[in-house]
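Next come the chains, spelled out residue by residue.
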Amino acid sequence: MVMVTKQSATYRLGQFIDSILRTVINIHRQGRMFSNGSDFLRKFHEYIDRTHRLSSKTKFVTITIGNFYHMVSHDHMLNTLTDFFLQCYHLPCIENIQVTKVIQLISLFLHNNRFYYDGKIYRYRKGGPASSGLIETLSNIYLSR
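Residues numbered from 1 in each chain as written. Predicted model: local features only at pLDDT ≥ 70, side-chain atom pairs only at ≥ 80, totals over all residues. Heavy atoms only, no water.

1. Quick look at a positive patch on the surface
Our working rule: Patches here: salt-bridge-free residues with over 30% relative accessible area, like charges joined within 9 Å, nonpolar side chains (Val, Leu, Ile, Met, Phe, Trp, Tyr) joined within 5 Å. Surface exposure here means Shrake-Rupley accessible area, sampled with a 1.4 Å probe, where a residue is shielded only by the protein chains that are shown. Between Lys or Arg on one side and Asp or Glu on the other, a salt bridge is scored when a side-chain nitrogen of the former is within 4 Å of a carboxyl oxygen of the latter. Positive: Lys, Arg. Negative: Asp, Glu. His and the chain ends are not part of the count. Working definition for charges: the position is that of NZ of Lys, CZ of Arg, CG of Asp or CD of Glu. The numbering of helices and of strands both runs from the N terminus, where a helix is a DSSP run of H or I of at least 4 residues and a strand a run of E of at least 2. Accessibility here uses a 1.4 Å probe with only protein chains present; expressed as a share of the type maximum, an area under 20% marks a residue as buried, one over 50% as exposed, and anything in between as partly exposed.
Positive charge collects at one region of the surface, where Arg114, Arg123, Arg125 and Lys126 lie side by side. You can see Arg114 is positioned in strand β4 (residues 114–117). A relative accessible area of 39% places Arg114 in the partly exposed class.

Right under this line is the structure:
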């Protein structure tokens with residue numbers, strides 16, 4: 001069994017950063033997010049009416065990437081986040097915290113996460129704890145780029 005403590009400083013840091021970063025990401029992805037099934041259907045119908053791309057031959061695909069939270073290197077996540085800020089978020093601060101500081105804090109979070117498994121303590125070399133909202137947010141940024 002893998003154990004990650006939710007009382008650790010890195011976990012709490014991740015919660016704090018996620019709370020400010022998720023709002024920025026959600027605003028950016030607003031047109032591509034669905035709050036519920038009704039919202040999906042409304043946006044889907046708008047898309048059909050606007051683009052006229054749906055036909056009887058249209059195929060829908062669902063892709064599941066198993067264990068994705070542990071696959072992407074920290075450097076790739078940080079580079080993708082930096083690119084996002086440069087290309088999509090043109091403000092110097094998020095809630096009075098400079099973007100460069102946010103990236104540094106995320107780097108600190110990624111490189112200092114530990115977990116306990118089989119009587120030993122390990123460091124995440126890629127990704128991070130799946131229970132962390134920040135890892136989910138960073139993964140969404142990575143996948144959307």
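2. Looking at helix α2 (residues 37–51)
Note the following rule: An expected span of 1.5 Å times one less than the residue number is assigned to each helix. What the arc covers is the set of directions going from the helix axis to the C-beta atoms.
An ideal rise of 1.5 Å per residue puts 21 Å on 15 residues; α2 measures up with 21 Å between its terminal C-alpha atoms. Within the sequence span of α2, burial applies to Asp39, Lys43 and Ile48. Looking down the long axis of α2, one finds its buried residues gathered within 165° of arc, a one-sided arrangement. For α2, the exposed residues set more than 90 degrees away from the buried face come down to Ser38 and Asp49. Just past α2, the residue His52 takes up positive phi, approximately 55°.

3. What about the state of the cysteines?
Quick reminder of the rule: Any cysteine sulfur atom paired with another within 2.5 Å is treated as part of a disulfide.
Per the counting criterion, the structure on display carries zero disulfides. With no disulfide of its own, Cys88 lies 18 Å from the sulfur of Cys93, the closest cysteine sulfur. A relative accessible area of 31% means that Cys93 is categorised as partly exposed.

4. So, the packing of helix α4 (residues 99–111) against helix α5 (residues 133–144)
Using the following cut-off: Axes here mean lines fitted to C-alpha atoms, for a helix over just the part in contact, with angles spanning 0 to 180 degrees between N-to-C directions. The cut-offs work like this: below 35 degrees is roughly parallel, past 145 is roughly antiparallel, 65 to 115 is roughly perpendicular, and the gaps in between are oblique. The hand of a helix crossing depends on one turn: near helix anticlockwise from the far one by less than a right angle means left-handed, and clockwise means right-handed. In what follows, residue pairs with any heavy atoms lying within 4.5 Å of each other are defined as contacts. Three residue categories are used. Nonpolar comprises Ala, Val, Leu, Ile, Met, Phe, Trp, Tyr, Cys and Pro, charged comprises Asp, Glu, Lys and Arg, and polar comprises the others, including Gly.
Packing of α4 against α5 leaves a shortest axis separation of 12 Å and a crossing angle of 115°. With respect to α5, the axis of α4 lies roughly perpendicular. In this structure, the crossing between α4 and α5 has a hand that is left-handed. Here Ile106, Phe109 and Leu110 of α4 come into contact with α5, specifically with Leu134, Ile135 and Leu138. Its residues placed into classes, the contact of α4 with α5 shows six nonpolar, no polar and no charged.

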